[in-house]
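Commentary on secondary and tertiary structure
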Amino acid sequence: MKLELSGGRSISTKRKSFVMGILNTTPDSFFPGSRVEAEEGRSSAEKMIHAGADIIDIGGESSRPGSAYVSADEEISRVIPLIKAIRSFSDIPISIDTRKSATAEAALNAGADIINDISALADDPELGFLAAERDVPLILMHMRGTPETMQQNPHYNDTIEEILTELEVCIRRAGAYGISKNRIILDPGIGFGKRLDDNLKILKEIKRFTDTGYPILIGLSRKSFIGAVTGSVVEDRLSGTLAANMLSALAGASILRVHDVPETVAMLEIIKAVEGA
């Protein structure tokens, strides 16, 4: 599997999926184990890279249900020191998790390679122009509402069909900015404006998303639906996360966005070994 970056760069993996390690420079992300500051984040990034991460995803604004909007200045002050710290020792691809063009531009200038926009260009029109101009991969995620409102009685009549239809709108929006289709990665948005059954249906029907021809990112690490199924608190959701991510990888997900890099890499290595036996 191969992912094209900008400037003629690319990354590839012989595993079933790329592993994207999560680092949050926030005080309120839902999983405390993902929260870091610059120096601590550098150490965490080193450990993720050593464990086999393919991409590091850095965010400066929590997107947990009910979370509030953070200003671009605050977000920039949180993420840029960590991006620069990682770039001082590694050229691993870095994804900037942001809805804001100012943050994305600062991050790309500091060495980031990918834009991960949970709003799918709905929040900041300038972000579309930036992604097109810089010709970087862009992750478009499905979400209804905002993190602050998304879990207020979400409802679907046909979960998968409605998500696919709304993602197609996002793709057309990206195309209107001049973003190439080969730069687009889709994320069905597990946990973002979804009920328990919706999240489970996404996992069951991942092939419906991979059939679009776009790389699919799955971000389900330690989320509340796993707790709802297993009865576990966030600190105890690793085994449930690994099970769900294994299903995702086997169904063709291109990228797994995770908190637990070593365990995810080990799971993917087992899949590779079994398939190669």
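To keep things clear, this report deals only with the structure shown in the data block.

Cut-offs and rules
- Residues numbered from 1 in each chain as written.
- Predicted model: local features only at pLDDT ≥ 70, side-chain atom pairs only at ≥ 80, totals over all residues.
- Heavy atoms only, no water.
- Helix = DSSP H or I, 4+ residues; strand = E, 2+ residues; numbered from the N terminus.
- Buried < 20%, exposed > 50% of the residue type's maximum accessible area, 1.4 Å probe, protein only.
- Lys, Arg positive; Asp, Glu negative; His and termini not counted.
- Salt bridge = Lys/Arg side-chain N within 4 Å of Asp/Glu carboxyl O.
- Polar contact = N/O pair within 3.5 Å; in protein donor to acceptor, adjacent residues only side chain to side chain.
- Contact = heavy atoms within 4.5 Å.
- Pairing = 2+ DSSP bridges.
- Axes fitted to C-alpha atoms, helices over the stretch in contact; angles between N-to-C directions.
- Parallel < 35°, antiparallel > 145°, perpendicular 65-115°, else oblique.
- Left-handed = near helix turned anticlockwise from the far one by under 90°.
- Phe/Tyr/Trp six-rings, centres within 6.5 Å; stacked < 30°, edge-to-face > 60°.

Here we take up the side chain of D117. Along the polypeptide, D117 turns up in strand β6 (residues 114-117). For the buried residue D117, which engages in no salt bridge, the nearest side chain bearing the opposite charge is R99, 6.1 Å off. Looking at D117, its side chain comes within polar contact range of the main-chain nitrogen of L121, at 2.6 Å. Excluding anything up to four places from it in sequence, D117 contacts T98, R99, L127, L138, I139, L140 and M141.

Before going further, it helps to examine the sheet that holds strand β3 (residues 18-24). If you trace the 8 strands from one edge of the open sheet to the other, you get β8-β7-β6-β5-β4-β3-β10-β9, paired in parallel fashion. What marks the edges here is a single partner per strand, and that holds for β8 (184-187) and β9 (217-218).

As a further point, take the environment of M141. One can find M141 in strand β7 (residues 138-141). In sequence terms M141 and C170 are 29 residues apart; their C-alpha atoms lie 8.5 Å from each other. Non-local contacts of M141, meaning those with residues more than four positions away in its chain, are made with D117, I118, A120, L167, D187, G189 and F192.

Packing of helix α2 (residues 72-87) against helix α3 (residues 101-110) leaves a shortest axis separation of 9 Å and a crossing angle of 15°. Classified by the angle their axes make, α2 and α3 are roughly parallel. For the crossing formed where α2 meets α3, the hand is right-handed. Residues A72, E75, I76, V79, I80, I83, K84 and R87 of α2 lie in contact with α3, whose contacting residues are A102, T103, A106, A107 and A110.

Quick look at the packing of aromatic side chains now. The tally for this structure, following the rule as stated, stands at 1 aromatic pair. Between F129 and Y177, the aromatic rings sit 4.9 Å apart at their centres with planes inclined by 90°, giving edge-to-face as the arrangement. Here F129, found in helix α4 (residues 125-134), pairs with Y177, found in the loop between α5 (159-176) and β8; they are 48 residues apart in sequence, far enough to count as distant. Accessibility expressed as a relative area gives 47% for F129, which makes it partly exposed. When its relative accessible area of 18% is taken as the criterion, Y177 is described as buried.

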